[in-house]
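A closer look at the structure
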Amino acid sequence: METPMRVTVTGAAGQIAYCFLPLLLRGEVFGSRQPIELVLLDVEEALSTLRGVMMELEDGAYPLLTSIHYTNNVSEAFVESDVAVLLGAFPRKLGMERRDLLQKNAVIFKEQGEAINKHAKRSVRILVIGNPANTNAAVLAHFASDIDKKQITALSRLDQNRATSFIAKKLKVSPEDVKNIFVWGNHSNTQYPDLFNGVTDGGPLPDWLQDETFLRNEFIPTIQERGAAVIKARKLSSAMSAAKAVVDHLRDWFIGTQDIVNMIVCADGSYGIKKGIFFSFPCYCYGNGSFEIVPHFPWTPFGDPYIEKTKKELNAEWEQAFAALLPKSSL
Ligand SMILES: NC(=O)C1=CN([C@@H]2O[C@H](COP(=O)(O)OP(=O)(O)OC[C@H]3O[C@@H](n4cnc5c(N)ncnc54)[C@H](O)[C@@H]3O)[C@@H](O)[C@H]2O)C=CC1
Ligand SMILES: O=C([O-])CC(=O)C(=O)O
């Protein structure tokens, strides 16, 4: 057996964690030989639920689980973490403006960034899921200033999975037979789902899928609004599919994949996206927590207004989130 990996999960009393933790302990992320020391963080009011989650994990008798600890203390949660899965975030409440949501979460992700900077292993890899995921990751990256930005990613794999599955269903093929469908930008309804580089059966997608009316009226809005559609139907946000996407993201990042996958990562200036903004890009994953933004992927002019819109939204989110945290002069 290998040396245990210390995995910290925040928001661990929540619904995505409840779907994700069994998959993690089954070995679906790091493989069936990788033991795991689990640390669960949630807020004080959720500690009783968290204790229940811990009891259930123990009762699962998972051979890979070597220890489990739960806490509401942020510093304690990140001590010697190898991996941090950040699900915990302040939820949007009735009457709350998006700006308020951004600022509430900025405070949380600042504190967690500082704690990670101080206590986690220098090699830690961080995945942000809690919304607004892109900007939470940007805040965290700013305050975890000694951690390489390439060790911090956020989740847009759910959007890619949704888009891939949508097209596979149209073509009546398995989702694994559809590749290179990407979602660019923000994990919000300004995201740009792009199928112009899509392939199936070794060739391009059929022309009827690239028809502008279909793209504008069906494909793009369905993917952009899918999260809201699930909330409307379930009265709860996506959890099962989000947990599956977290598994896919982490597995590909750590184990590697031949596929090009979507990740929200820190912009390096390519594609005209301002450095420091966390943006969903198509990425190569080489394993061991390394990745590269796919350079020079062709954009069709059709996508330009969509990219502009999501880029603008992210720039505004960045300003709003940091307005509460940094002196005006440094914005
Ligand atoms: N990026 C993506 O693709 C997706 C993101 N999400 C987001 O993931 C997050 C988690 O979703 P669910 O598990 O369904 O939510 P949930 O509401 O069931 O659980 C969230 C948990 O986070 C905890 N929490 C709140 N503030 C915290 C803090 N400061 N520290 C630690 N824990 C804290 C809450 O007490 C709660 O137990 C939400 O922000 C949701 O919007 C959900 C689906 C997809
Ligand atoms: O809005 C939410 O909380 C859920 C979400 O991100 C999604 O389903 O894509």
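Worth saying up front: this structure is predicted, and the values here are computed from it rather than measured.

Concerning the pattern of salt bridges
The tally for this structure, following the rule as stated, stands at 12 salt bridges. A salt bridge links arginine 251 to aspartate 248, with the nearest nitrogen and oxygen atoms 3.3 Å apart. Of this pair, arginine 251 and aspartate 248 both sit in helix 9 (residues 240–255), three residues apart, roughly one helical turn. Overall, the relative accessible area of 4% leaves aspartate 248 in the buried class. Salt-bridge contacts for aspartate 252 lead to arginine 251; the nearest nitrogen and oxygen are separated by 3.5 Å. Connected through shared salt-bridge partners, Arg157, Lys244, Asp248, Arg251 and Asp252 make up one network.

Some words on unusual backbone geometry
Cis peptide bonds are those with omega within 30 degrees of zero, and the linkage from asparagine 131 to proline 132 qualifies with -5 degrees. Locating proline 132 in the fold gives a position in the loop between strand 5 (125–128) and helix 5 (133–143). Of note, alanine 61 is a non-glycine position whose phi angle comes to about 50 degrees, a positive value. Relative to the helices and strands, alanine 61 resides in the loop between helix 2 (47–59) and strand 3 (65–71).

Considering the site of ligand 1
Taken together, 21 residues sit near ligand 1, with Gln15, Ile16, Asp42, Ile129 and Asn131 positioned nearest. Glutamine 15 is positioned such that a nitrogen or oxygen atom in its backbone is 2.9 Å from an oxygen atom of ligand 1. Within the side chain of histidine 187, an N or O atom sits 3.3 Å from an oxygen atom of ligand 1. For ligand 1, the accessible surface in isolation is 850 Å², of which the surrounding protein chains cover 80%. Counting only elements with at least two residues in the shell around ligand 1, the list comes to helix 1 (15–25) and helix 4 (98–119). Along the lines of polarity and charge, the residues of the shell around ligand 1 split into 10 nonpolar, 10 polar and one charged.

Topic: the site of ligand 2
All residues in the neighbourhood of ligand 2 are listed as Asn131, Arg162, His187, Gly227, Ile231, Ser237 and Ser238. Arginine 162 is positioned such that a nitrogen or oxygen atom in its side chain is 2.8 Å from an oxygen atom of ligand 2. Serine 238 has a polar side-chain atom sitting 3.4 Å from an oxygen atom of ligand 2. Relative to its unbound accessible surface of 270 Å², ligand 2 loses 70% to contact with the protein.

Digging into the side chain of histidine 249
Mapped onto the elements, histidine 249 comes out in helix 9. Every residue in contact with histidine 249, bar those within four places of it in the chain, is listed here: Leu127, Thr153, Ala154, Leu155, Arg157, Asn262 and Met263.

Section: the sheet that holds strand 10 (residues 199–200)
On the basis of which strands lie adjacent, the open sheet formed by three strands has the order 7-10-11 and antiparallel pairing. The outermost strands of the open sheet, each flanked by one partner alone, are strand 7 (178–179) and strand 11 (203–204). Both strand 10 and strand 11 contribute to a ladder of two bridges, which runs antiparallel. Note on strand 11: the bridge partner recorded for threonine 200 is glycine 203.

A few points about the UniProt feature "active site" (unreviewed entry) in the protein chain
Here, UniProt's "active site" (unreviewed entry) annotation points to His187. Residue placement: histidine 187 occurs in the loop between strand 8 (182–184) and strand 9 (192–194). Classification of histidine 187 as partly exposed rests on a relative accessible area of 22%. With residues up to four places along the chain from it excluded, the contact list for histidine 187 reads Asn131, Asn134, Leu155, Asp159, Arg162 and Ile264.

Conventions we followed
Residues numbered from 1 in each chain as written. Chains lettered and ligands numbered in written order. Predicted model: local features only at pLDDT ≥ 70, side-chain atom pairs only at ≥ 80, totals over all residues. Heavy atoms only, no water. Salt bridge = Lys/Arg side-chain N within 4 Å of Asp/Glu carboxyl O. Helix = DSSP H or I, 4+ residues; strand = E, 2+ residues; numbered from the N terminus. Buried < 20%, exposed > 50% of the residue type's maximum accessible area, 1.4 Å probe, protein only. Near = heavy atom within 4 Å. Polar contact = N/O pair within 3.5 Å; in protein donor to acceptor, adjacent residues only side chain to side chain. Areas by Shrake-Rupley, 256 points an atom, 1.4 Å probe, with all protein chains shown as cover. Nonpolar A, V, L, I, M, F, W, Y, C, P; charged D, E, K, R; others polar. Contact = heavy atoms within 4.5 Å. Pairing = 2+ DSSP bridges. UniProt positions renumbered as here; feature names shortened; annotations may be inferred.

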